[in-house]
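# Remarks on the overall topology
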Amino acid sequence: MSDIVEARARTVQGTVRGAVERGVAVFRGIPYAAAPVGARRFRAPEPPEPWEGVRDALAFGPTAPKRPYAPPLDQLLPDPAVPGEEWLNLNVWTPALPPEASGLPVLVWIHGGSLLHGSSAVPVYDGSAFARDGVVLVSVNYRLGVEGFGLFPDAPANRGLLDQLAALEWVRDNIAGFGGDPDRVTVAGESAGAVSIGALLATDRAAGLFRRAVLQSGAPAALTPEAARGTTELIARRLGVPATAAALAAVDTEVLLTAQTEVTSGGNPLTGRNSFQLVVDGELLTRDPAEAPHTGAAAGIDLLMGTNTEEYRLWFVPGGLTERISRLKLRLALLKFKVPNATARVYRANRPDATPGEILGALATDLLLRVPLNRLADARADAPASTYVYEFGWPSPVQRLGACHALELGFVFDTLAHPDTMALTGPDAPQELADAMHRAWVEFATTGDPGWPSWDASRPVEFFGPGAPALVLAPRDDELRGWEPYRKQL
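Residues numbered from 1 in each chain as written. Predicted model: local features only at pLDDT ≥ 70, side-chain atom pairs only at ≥ 80, totals over all residues. Heavy atoms only, no water.

### Some details on the packing of aromatic side chains
The description of two aromatic rings rests on the distance between their centres and on the angle between their planes. The tally for this structure, following the rule as stated, stands at 17 aromatic pairs. Arranged with centres 5.7 Å apart and planes meeting at 50°, the rings of Tyr-125 and Phe-413 form a pair that is tilted. Pair noted here: Tyr-125 is in the loop between strand 6 (104-110) and helix 2 (128-132) and Phe-413 is in the loop between helix 15 (409-412) and helix 16 (419-425), with a separation of 288 residues, a long-range link. Residues Tyr-125 and Phe-413 agree in their burial class; the two are buried. For the ring pair Trp-170 and Phe-178, a centre distance of 5.9 Å and an interplane angle of 45° mean the geometry is tilted. (Phe/Tyr/Trp six-rings, centres within 6.5 Å; stacked < 30°, edge-to-face > 60°. Helix = DSSP H or I, 4+ residues; strand = E, 2+ residues; numbered from the N terminus. Buried < 20%, exposed > 50% of the residue type's maximum accessible area, 1.4 Å probe, protein only.)

Pasting the structure below:
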């Protein structure tokens with residue numbers, strides 16, 4: 001410990017020892033719930049046991065059981081794994097500890113990864129820049145895959161979402177000891193993290209745990225139990241056991257992961273595959289998160305949300321799917337997803353040089369992300385809280401990825417200099433764009449206003465790159481209008 005500048009903070013369970021790094025106090029691997037193993041496996045999270053003395057919080061805690069992304073995504077999305085059983089842990093970056101500072105805004109980060117991958121240990125999520133700029137950053141691990149989202153008759157549904165709620169309750173009860181204000185919490189997430197936040201906005205149990213929310217490249221969505229149980233049943237069938245929590249709890253974790261990987265591999269979030277989803281279970285989630293805002297849910301929560309211009313390119317380009325989609329395959333996809341002919345014609349006309357694969361990708365991006373988020377913004381037009389919409393458009397030169405899914409993360413966290421971030425951005429990403437985007441997130445967490453007009457009938461969208469950020473009114477509205485008759489069923 002002689003070469004470490006210590007930082008200490010008190011939690012409900014006991015005192016933790018972190019370290020001061022570049023002027024920021026960092027605490028890693030703090031348990032917010034008991035290890036979900038043994039008798040606690042497939043159960044709702046329970047409080048962690050208190051400890052005597054001072055507990056080290058110097059290294060990232062264990063990550064939930066998972067497998068790396070399949071090639072070639074594994075080279076673009078580094079996903080570290082930390083062994084151990086105390087998966088339900090979190091990290092805190094804070095600019096100063098009481099009595100030096102208190103009442104600081106708090107941003108709680110929920111990672112993405114299709115509910116199968118990711119963790120708070122991913123380097124791009126380093127919270128130092130937020131703490132440097134006066135925001136306490138908390139990043140959270142939660143259960144993944146069948147452990148967190150498998151649907152069983154003898155276990156609670158949405159366990160990973162219950163984990164996230166337990167982490168937010170930990171923040172409410174403990175963050176003042178790290179200089180944060182429990183009444184100034186913003187919850188933020190990307191991809192599956194944003195989908196999770198959409199569900200948190202729809203559940204009564206989250207009331208009072210946060211006052212603002214950020215949804216990056218993920219729209220509120222959940223399935224009925226009938227539609228959601230298929231993936232769990234396929235895994236159980238592959239293992240030759242009943243599709244119950246009791247039966248799967250007796251299966252070795254590595255064996256279970258192998259079966260899970262075999263069932264969920266192939267396809268992608270845009271073209272479809274066996275996957276885990278949130279479930280309208282009638283207990284935690286009593287209503288469809290996509291429809292809840294239309295009945296006033298979370299009307300008092302400020303929202304910041306948006307998409308990347310070419311989300312699809314992360315899944316279509318590295319494996320060559322863009323080139324493999326012919327005109328015939330595009331036509332069949334349009335029929336499968338009931339895309340109106342007039343809508344498809346508008347997309348083609350706006351992209352005269354695009355391949356069939358690029359046309360399909362643009363349609364899929366809007367169908368699954370941009371249209372639902374615009375619909376969510378419209379539903380909040382008369383809400384007392386504000387709604388802000390952005391689009392990230394800076395194109396990465398790496399493998400022709402363009403403005404793909406997850407690319408904005410290094411800009412939001414101001415971690416462009418990290419080698420793992422460069423796997424997506426390359427070495428020459430514009431720091432001035434990261435400065436602008438990171439500043440907008442800091443301002444939103446601090447004041448509720450990221451720096452551009454809130455959503456109204458003019459449909460303002462802040463574009464981040466290429467070039468300097470700029471406000472655009474109703475961008476590509478001719479394409480969005482083409483989906484209008486189908487929004488309700490979407």
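There is more to say after this.
### Digging into helix 9 (residues 253-264)
For an α-helix, 3.6 residues make a turn, and residues three or four places apart therefore share a direction. With 12 residues, helix 9 ought to run about 16 Å at 1.5 Å a step, and its terminal C-alpha atoms sit 16 Å apart, in line with that. Buried within helix 9 we find Leu-256, Leu-257, Ala-259, Gln-260, Val-263 and Thr-264. Down the axis of helix 9, the buried side of the element spans an arc of 165°, and every buried residue falls inside it. Taken together, the buried residues of helix 9 touch helix 3 (145-149), helix 7 (230-239) and helix 8 (245-249). The residue sitting at the N-terminus of helix 9 and contributing the capping side-chain oxygen is Asp-252; that oxygen lies 3.0 Å from the backbone nitrogen of Glu-254. Downstream of helix 9 by a residue or two, Gly-266 has a phi angle that is positive, lying close to 90°. (Expected span 1.5 Å × (residues − 1). Arc of directions from axis to C-beta. Contact = heavy atoms within 4.5 Å. Polar contact = N/O pair within 3.5 Å; in protein donor to acceptor, adjacent residues only side chain to side chain.)

### Quick notes on unusual backbone geometry
Negative phi characterises most residues that are not glycine, and trans characterises most peptide bonds. Cis geometry is found at the peptide bond from Pro-71 to Pro-72, where omega equals 0°. In this chain, Gly-465 is followed by Pro-466 through a cis amide linkage whose omega measures -5°. Within the element layout of this structure, Pro-466 appears in the loop between strand 12 (460-464) and strand 13 (470-473). For Ala-298, which is not glycine, the phi dihedral falls at a positive 55°. By the secondary structure assignment, Ala-298 is in the loop between helix 9 and strand 10 (302-308). In this structure, Arg-459 is a non-glycine residue whose phi angle is positive, near 55°. Considering the arrangement of structural elements, one finds Arg-459 in the loop between helix 17 (431-447) and strand 12. Arg-459 gets classed as buried once you look at its relative accessible area, which sits at 14%.

### A word on the pairing of strand 11 (residues 387-392)
For strand 11, a buried count of 6 out of 6 residues is recorded, marking the element as mostly surrounded by other parts of the structure. The pairing of strand 10 with strand 11 spans 6 bridges and is classified as parallel. Among the inter-strand pairings, Asn-308 is bridged to a residue of strand 11, identified as Phe-392. With 3 bridges connecting them, strand 11 and strand 12 associate as parallel partners. Opposite Phe-392, over in strand 12, you have Phe-464 as the bridge partner. (Pairing = 2+ DSSP bridges.)

### A closer look at the environment of Gly-208
The topology assignment puts Gly-208 in the loop between helix 5 (192-200) and strand 9 (212-216). Between the C-alpha atom of Gly-208 and that of Ala-19, which follows or precedes it by 189 residues, the distance is 31 Å.

### With respect to a positive patch on the surface
Where like charges cluster on the molecular surface, the positive patch consists of Arg-327, Arg-331, Arg-345 and Arg-348. Residue assignment for the positive patch shows that the elements contributing at least two residues are helix 12 (327-336) and helix 13 (341-350). Relative to the helices and strands, Arg-327 resides in helix 12. According to the relative accessible area criterion, Arg-327 is exposed, its value standing at 67%. (Patch = residues over 30% accessible without salt bridge, like charges linked within 9 Å, V, L, I, M, F, W, Y side chains within 5 Å. Areas by Shrake-Rupley, 256 points an atom, 1.4 Å probe, with all protein chains shown as cover. Salt bridge = Lys/Arg side-chain N within 4 Å of Asp/Glu carboxyl O. Lys, Arg positive; Asp, Glu negative; His and termini not counted. Charge placed at Lys NZ, Arg CZ, Asp CG, Glu CD.)

### Description of the pairing of strand 12
Buried residues dominate strand 12, accounting for 5 of its 5 residues. Burial along strand 12 is two-sided: the residues Pro-460, Glu-462 and Phe-464 and Val-461 and Phe-463 are all buried. Strand direction decides the pairing type here: strand 12 and strand 13, joined by 4 bridges, are antiparallel. From the neighbouring strand, Phe-463 faces strand 13, where its bridge partner is Ala-470. The antiparallel hairpin formed by strand 12 and strand 13 contains 5 residues in its connecting segment, where Gly-465 sits at a positive phi of about 75°.

### Looking at the packing of helix 13 against helix 14 (residues 356-379)
For any two helices packed against each other, the geometry comes down to the angle between their axes and how far apart the axes lie. It is at 10 Å that the axes of helix 13 and helix 14 come closest, and there the two elements cross at 120°. On the basis of their axis angle, the class for helix 13 and helix 14 is oblique. The two elements helix 13 and helix 14 meet at a crossing, and its hand is right-handed. Contact with helix 13, carried on its side by Thr-343, Tyr-347 and Arg-348, involves Ile-359, Ala-362, Leu-363 and Asp-366 of helix 14 and no other residues of that element. Of the residues contributing to the contact of helix 13 with helix 14, the split by class is 4 nonpolar, 1 polar and 2 charged. (Axes fitted to C-alpha atoms, helices over the stretch in contact; angles between N-to-C directions. Parallel < 35°, antiparallel > 145°, perpendicular 65-115°, else oblique. Left-handed = near helix turned anticlockwise from the far one by under 90°. Nonpolar A, V, L, I, M, F, W, Y, C, P; charged D, E, K, R; others polar.)

### Details of the environment of Arg-481
Within the fold, Arg-481 resides in helix 18 (residues 477-481). Exposure remark for Arg-481: the relative accessible area of 52% places this residue in the exposed category. Between the C-alpha atoms of Arg-481 and Val-398, which are 83 residues apart in sequence, the distance is 33 Å.

### Observations concerning the environment of Val-187
Take Val-187: it is sitting in strand 8 (residues 180-190). Each C-alpha atom of the pair Val-187 and Ala-299 lies 15 Å from the other, and the pair is 112 residues apart in sequence. In contact with Val-187, other than residues within four places in its own chain, are Val-108, Ile-110, Ile-197, Phe-210, Arg-212, Ala-213 and Val-214.

### A short note on the nonpolar core
Among the nonpolar cores identified, the biggest contains 84 residues, and Phe-27, Tyr-32, Val-92, Val-138, Phe-178, Phe-210 and Leu-215 are the most heavily contacted of them. Among the elements that line this core, the one with the most residues is helix 4 (residues 159-174), at 8 residues. Of all hydrophobic cores here, the second largest spans 67 residues; its members include Leu-77, Trp-93, Ala-333 and Tyr-388. (Core = buried A, V, L, I, M, F, W, Y, C linked by side-chain atoms within 4.5 Å.)

### Re helix 12
Among all positions of helix 12, only Leu-330, Ala-333 and Leu-334 are buried. When helix 12 is viewed along its axis, its buried side chains cluster within an angular range of 100° and face the same direction. Turned more than 90 degrees away from the buried face of helix 12, the exposed residues are Leu-328, Leu-335 and Lys-336. Structurally, helix 12 contributes buried residues whose contacts are with helix 13 and helix 14. Immediately downstream of helix 12, the backbone of Lys-338 shows phi near 55°, a positive value.

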